[in-house]
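Structure at a glance
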Amino acid sequence: MREPQVHVAIVSGDPVFATRWVDELTRCAALEQRALHSGFHFRALKTGEDMLFAAGEDGLLQAVVVDASTLPDAISVLPVLARLRPELDLFLMPNGDTVPDAVAVELLHREDTRPSQLFRQLVSALQRRSRTPFADTLRDYVYSAKDAWHTPGHSGGDSLRDSPWVADFYELMGEHIFNTDLSVSVQTLDSLLEPHSVIQEAQALAAQAFGARHTFFVTNGTSTANKVILQQLAGAGGKVILDQACHKSVHHAVVLFGVEPVYLPASMNTRFGFYGPVSQKEVIAAIDTNPDARLLVLTSCTYDGFRYDLAPIIRHAHAAGIKVLVDEAWYAHGRFHPELHPCALDCGADYVTQSTHKMLSAFSQASMIHVSDPDFDLHRFRENLNMHTSTSPQYAMIASLDVARKQMSMEGFARLQDCFRIATQLREGIDRTGVFRVLTLDDMLPHALRDDTIRLDPLKLSVDVSASGYSARQLQLLLFEDYGIQIEKVTHNTLSILVTLGSTESKVLRLLNALQALGRAAPGQAGASSPRREGAGLPALTDFACLPREAYFSPALLVPLQGVERGVNPALVGAVSAEQVVPYPPGIPVLVPGQRISEEIVIFLCDLFRANAGIEIHGLVTQGDTPCLRVVRGLS
């Protein structure tokens, strides 16, 4: 295992002082190097500008020591540094009694502090930030090799290891996946339902790293995290403003809690099939029209990488007394690089949900809830969270959240720098094929959002395949079957590629090689490119006959989707849906319970069903070969 490198900057306007401290600190580090298992490197910087430049370029920088007594402007620069690299440990030798507001710094006295003392403080700060309290305790417990007379029944894998029938599964998964699968009987591992020791500490470290007042670990995904927050703020009903394109879990919460939804119609780029954010003007108008709403729910960034300009929207919601939940399932990395700022918490969101597993190094289903609501009711929230949390959580999943936080805190900036470099390589290499091209924000943005200062996550690449003559689905299968490459998703004419912390140069080489080969063999290269196809947009939102909860739990009947000769069934037009119907991808409801069914919706679903293009239609019921919709009995 490679030894981590730790860079520390000493910023002082006194070069003699700075050089002496660098020499002394280097000497201290040399004495402790073997015990610390880290390579410390100290460098002197002369100005606040040098400090900001180093923070923006040096991914190994972990701490900054500022001698403000010789740099009067350093105090004003510190808030900029804290926004640029919020994870850095900051040490300040103040100029008199002047200390910056709202910047977490460790204070040092220039004359009293010895280099050896500062070195110990540096080590202590790094050890605190790099600690994984839950993962460490789990590892120590596993290595203690206790005999298990408790759940789960595989007892550390003993039930499988020597079996002639299932030992192959044990060998596939590995010893420690079973050793770490424990139960609440092991009290040293704390309780996810009522944390008071190592899980509590791990969550506190995560809150600090992600910029929240409170953070909670969730072991059944952001789907559950969204429901918990809806229950917290609208569990007894009430009005909620939400993007039509929000995750299906939010729509499920609307049903569960009897919420009155105010849906904001999704914007769409039909050329490529991308659903974008709701225009800022429409969000503001919905807030003004519904000041009695309890919550505004937005998704930023989206599956395709669109990011709202959140700050003005959140300010407007708060002025109306409306709380804001931002689903950042696809943006857990946003806090850890200035190119990705601001994230939702930076913009004042009250609640943020993140799928830590999507872009960071956590196991699937591992998510976090971040809270900055000044009116937060901790006791009530814990009860709401516990209603949705298993009393038998997966401990390896909790540990992965702890480790993912540590990685981003210690090396997130550097790893994201690598991700940006890989994303640039892919863009340039894909564009060089002359057949495929990576779309820009201007290509992707729905027209209605042109003036909304929407940004695009550079780590989500959407590749236009229109000129190749292949459909995106064909290319997805060719990449998988012929080249062993699995991509994220497709629209009718685009491929989505995610660049994550796990992306490597070897994977880049193989993907570019595959696309170059497919480009050379593309049927579109034999003549003119295939005609442009438009993606079918979602049908217009229709009105509601009743609340979604009422429709979902009302008596219902199944009505065939298709009528005579597989045409549209006229019996559905004007009926009230009892079900949420969601084509996946992209996962945006065409119908939610309580919504009136229009002819346009029936035609859309019939076309989608007949196309058989690999799109799942959740909520469509099939009886034999007949697709049906559940509609509310006696309501039209």
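Scroll up a little and you will see the structure.
This section reports on the structure supplied with the text. Everything numeric in this text was worked out from a predicted model, so none of it was measured.

As a further point, take the overall build of the protein. Secondary structure assignment for the protein yields 21 helices and 25 strands. For the protein, whose C-alpha radius of gyration is 27 Å, the value lies close to the compact-globule estimate of 26 Å for 636 residues. A principal-axis box enclosing the C-alpha atoms of the protein has dimensions of 90 × 65 × 65 Å. When burial is assessed residue by residue, the protein has 53% of its 636 residues classed as buried.

This brings us to empty space enclosed by the protein. What the rule picks out here adds up to five cavities of 30 Å³ or more. By volume, the largest cavity amounts to about 50 Å³. Lining the largest cavity are Phe 210, Glu 328, Tyr 331, Ala 332, Gly 334, Arg 335, Cys 343, Leu 345, Val 352, Gln 354 and His 370. Of the residues belonging to the lining of the largest cavity, the class tally is six nonpolar, three polar and two charged.

So, about the side chain of His 370. With respect to the secondary-structure elements, His 370 resides in strand β15 (residues 367-371). With near-sequence residues (within four places) excluded, His 370 lies in contact with Phe 210, Ala 212, His 214, Thr 215, Leu 345, Asp 350, Tyr 351, Val 352 and Gln 354.

Running from N to C, helix α12 (residues 280-289) and helix α13 (residues 310-319) cross one another at 5 degrees; their axes reach a closest spacing of 10 Å. In terms of their interaxial angle, α12 and α13 are classed as roughly parallel. Residue-level contacts link Gln 280, Val 283, Ile 284, Ile 287 and Asp 288 of α12 to Pro 312, Ile 313, His 316 and Ala 317 of α13. A class-by-class count of the residues in the contact of α12 with α13 yields six nonpolar, two polar and one charged.

Our focus in this paragraph is the sheet that holds strand β1 (residues 5-11). The parallel open sheet is built from five strands, whose spatial order is β2-β1-β3-β4-β5. Strands at the two margins of the open sheet, each flanked by one partner only, are β2 (39-45) and β5 (106-107). Pairing of β1 with β2, which is carried by seven bridges, proceeds in the parallel orientation. Looking at β2, one finds that Val 11 is bridged to Leu 45. Packing against the sheet, helix α4 (residues 115-130) makes contact with β1, β2, β3 (61-67), β4 (89-93) and β5, and its axis sits at approximately 155 degrees to β4.

The subject of this paragraph is the pairing of strand β7 (residues 238-243). For a regular strand, the rule is simple: side chains alternate between the two faces of the sheet. Counting buried residues in β7 gives five out of six residues, a clear majority hidden from the surface. Bridge analysis of β7 against strand β8 (residues 259-264) gives six bridges, and the strand direction is parallel. Paired with Leu 242 across the strands is Tyr 263, a residue of β8. Assessed by its sense of winding, the connection that carries the chain from β7 through helix α11 (residues 248-256) to β8 is right-handed. Of the pairings in the sheet, the one linking β7 to strand β11 (residues 295-299) comprises three bridges and is parallel in character. Across the sheet, the residue bridging to Ile 241 is Leu 296, located in β11.

Under the counting rule described, the total for this entry stands at 27 salt bridges. One salt bridge in this structure joins Glu 201 and Arg 131, with 2.9 Å as the shortest N-O distance. Taken together, the positions of Glu 201 in helix α9 (residues 198-210) and Arg 131 in the loop between α4 and α5 (133-144) put the pair 70 residues apart, joining distant regions of the chain. Assessed through its relative accessible area of 31%, Glu 201 is described here as partly exposed. Relative accessible area serves as the criterion here: at 32%, Arg 131 is assigned to the partly exposed category.

What follows is about the sheet that holds β15. Taken in spatial order, the seven strands line up as β6-β15-β14-β13-β11-β7-β8 in an open sheet, and their pairing is mixed. The two strands at the open ends of the sheet, each matched to only one other strand, are β6 (214-218) and β8. On average, each strand axis in the sheet is inclined to that of its neighbour by 20 degrees, with strand direction left out of account. Lying over the sheet, helix α15 (residues 378-388) contacts β6 and β15, oriented at roughly 10 degrees with respect to β6. Sitting on the sheet, helix α16 (residues 395-432) is in contact with β6 and β15, with an inclination near 135 degrees to β6.

On to the pairing of strand β20 (residues 494-498), then. Where burial is concerned, most of β20 is hidden: five out of the five residues are buried. Burial along β20 is two-sided: the residues Thr 494, Ser 496 and Leu 498 and Leu 495 and Ile 497 are all buried. One ladder, built from five bridges, connects strand β18 (residues 460-464) with β20; its direction is antiparallel. Counted as the bridge partner of Ser 462 is Ser 496 from β20. In terms of strand pairing, strand β19 (residues 489-490) meets β20 through two bridges, oriented antiparallel. Bridge pairing in β20 links Lys 489 to Ser 496.

Turning our attention to unusual backbone geometry. With an omega dihedral of 0 degrees, the bond running from Thr 151 to Pro 152 counts as a cis peptide bond. Here Pro 152 is to be found in the loop between α5 and α6 (158-161). With an omega dihedral of -5 degrees, the bond running from His 341 to Pro 342 counts as a cis peptide bond. Note on placement: Pro 342 falls in the loop between β13 (323-327) and β14 (351-354).

Core analysis: the biggest nonpolar cluster contains 69 residues, and Phe 134, Leu 426, Ile 430, Phe 436, Leu 479 and Leu 495 have the highest contact counts within it. Among the secondary structure elements, those contributing two or more residues to this core are α5, α9, α16, β18, α18 (472-483), β20 and α19 (505-520). When sequence neighbours within four positions are dropped, the list of residues in contact with Phe 436 reads Ile 430, Asp 431, Val 463, Asp 464, Val 465, Ser 468, Leu 475, Leu 515, Leu 518 and Gly 519. Ala 225, Ala 234, Leu 295 and Ile 369 belong to the second largest nonpolar core, which has 27 residues in total.

Turning our attention to α13. Those residues of α13 that fall on the buried side of the exposure criterion are Leu 310, Ile 313, Ile 314 and Ala 317. Along the axis of α13, the buried residues cluster in a sector spanning 95 degrees; they form a single face. Exposed side chains of α13 directed beyond 90 degrees from the buried face belong to Arg 315 and Ala 319. Contact partners of the buried residues in α13: α12, β11 and β13. Just downstream of α13 lies Gly 321, where phi reads positive at about 80 degrees.

We now examine the environment of Gln 407. Position of Gln 407 relative to the elements: it lies in helix α16. As a C-alpha pair, Gln 407 and Asp 14 span 393 residues in sequence and 35 Å in three-dimensional space.

Conventions used here
Residues numbered from 1 in each chain as written. Predicted model: local features only at pLDDT ≥ 70, side-chain atom pairs only at ≥ 80, totals over all residues. Heavy atoms only, no water. Helix = DSSP H or I, 4+ residues; strand = E, 2+ residues; numbered from the N terminus. Rg over C-alpha atoms; globule rule 2.2 N^0.38 Å. Buried < 20%, exposed > 50% of the residue type's maximum accessible area, 1.4 Å probe, protein only. 1 Å grid on protein atoms, 1.4 Å probe; cavity = no way out; pocket = protein on both sides within 12 Å on 5 of 7 lines; lining within 4 Å. Points joined across faces, edges and corners; volume = space filled by probe spheres on them. Nonpolar A, V, L, I, M, F, W, Y, C, P; charged D, E, K, R; others polar. Contact = heavy atoms within 4.5 Å. Axes fitted to C-alpha atoms, helices over the stretch in contact; angles between N-to-C directions. Parallel < 35°, antiparallel > 145°, perpendicular 65-115°, else oblique. Pairing = 2+ DSSP bridges. Right-handed = clockwise from strand over helix to strand, strands pointing away. Salt bridge = Lys/Arg side-chain N within 4 Å of Asp/Glu carboxyl O. Core = buried A, V, L, I, M, F, W, Y, C linked by side-chain atoms within 4.5 Å. Arc of directions from axis to C-beta.

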